[in-house]
Amino acid sequence: MSTSNSPFRTPLSRARGLGASHHGVGHFISERVSGLALVPLFLWGAFAGIRLAGKDFDAVAAWVAIPINAVLLSLLFIALLVHLKNAIQVVIEDYVVAFAPKAALVIGNLFLCMLAGVAGIVSILKIAFTGAL
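The structure reproduced in this document is the subject of the present report. Remember, it's a predicted structure, so these values are computed and weren't measured experimentally.

## Concerning the packing of aromatic side chains
Going through the model one piece at a time under the given rule, you end up with one aromatic pair. Summarising the aromatic geometry, the rings of Trp44 and Trp63 are spaced 5.5 Å apart at their centres and angled 20 degrees between planes, so their arrangement reads as stacked. With Trp44 in helix 2 (residues 24–52) and Trp63 in helix 3 (residues 57–64), this residue pair connects regions lying 19 residues apart in the sequence.

## A few points about the pattern of salt bridges
Scanning the model with the defined rule gives one salt bridge in all. For Glu31, the salt bridge is made with Arg32, and the minimal N-O distance between the two is 3.0 Å.

## Brief notes about the nonpolar core
Trp44, Ala48, Leu52, Ala61, Trp63, Val64, Ala70, Ile124, Ile127 and Ala128 together form the largest nonpolar core, which totals 10 residues. Contributions of two or more residues to this core are made by helix 2, helix 3 and helix 5 (99–130). Ignoring anything within four residues of it in the chain, the contact list for Val64 reads Ala70, Leu73, Ile124, Ile127 and Ala128.

## Topic: helix 4 (residues 67–95)
The end-to-end C-alpha separation of helix 4 is 42 Å, in line with the 42 Å expected for 29 residues at 1.5 Å each. Residues of helix 4 that are buried: Asn69, Ala70, Ser74, Leu76, Ala79, Leu81, Lys85, Asn86, Gln89 and Ile92.

Quick notes on the rules
- Positions within a chain are numbered from 1, following the residues in the order the chain's sequence is written.
- Where totals are concerned, whole chains, interfaces and linings use all residues; where local detail is concerned, this predicted model gives features only for residues with pLDDT of at least 70, and gives and counts side-chain atom pairs only at 80 or more.
- Side-chain measures here rest on the full set of heavy atoms in the structure, leaving out hydrogens and waters.
- When two rings of Phe, Tyr or Trp (its six-membered ring) have centres within 6.5 Å they constitute a pair, described as stacked for plane angles under 30 degrees, edge-to-face for angles over 60, and tilted for the intermediate range.
- Helical segments are the DSSP runs of H or I of at least four residues, strand segments are the runs of E of at least two, and each set is numbered from the N terminus.
- Salt bridge, as used here, is a side-chain nitrogen of Lys or Arg placed within 4 Å of a carboxyl oxygen of Asp or Glu.
- Only buried Ala, Val, Leu, Ile, Met, Phe, Trp, Tyr and Cys residues count toward a nonpolar core, and they belong to the same one when joined by side-chain atoms within 4.5 Å.
- Each residue is placed in one exposure class: buried if its accessible area under a 1.4 Å probe, protein chains only, is under 20% of its type's maximum, exposed if it is over 50%, and partly exposed if it falls in between.
- Pairs of residues are marked as contacts when any of their non-hydrogen atoms sit within 4.5 Å.
- Expected span, for any helix, means 1.5 Å times one less than how many residues it has.

Given below as structure tokens:
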């Protein structure tokens, strides 16, 4: 029996579209949007990486200092981390049974992705504005 047609669900829960974890639809949409955003950003990043291969630090720093490159590089990094956080969270929620370890791993996953995001964006901005790491 489909959960959307279940006689045990209230009209409000059907209207909100929330499943047992109360965040399924938003999580699903977030995964799809971040995955969709990664397609053009990754193609741009791969092309840029190939063009920058073999260049010295000063040439790469000058490339990052171009505003559109800094913005796109930051967006690529953010989209990658959002997608990674969501993917790891699904694995944790699917395979860790006990509540306490599951909660700790989900919070740890969020913390590490946020930490990596802040470190990455600060590094990109530092190189873009000063030309040095």
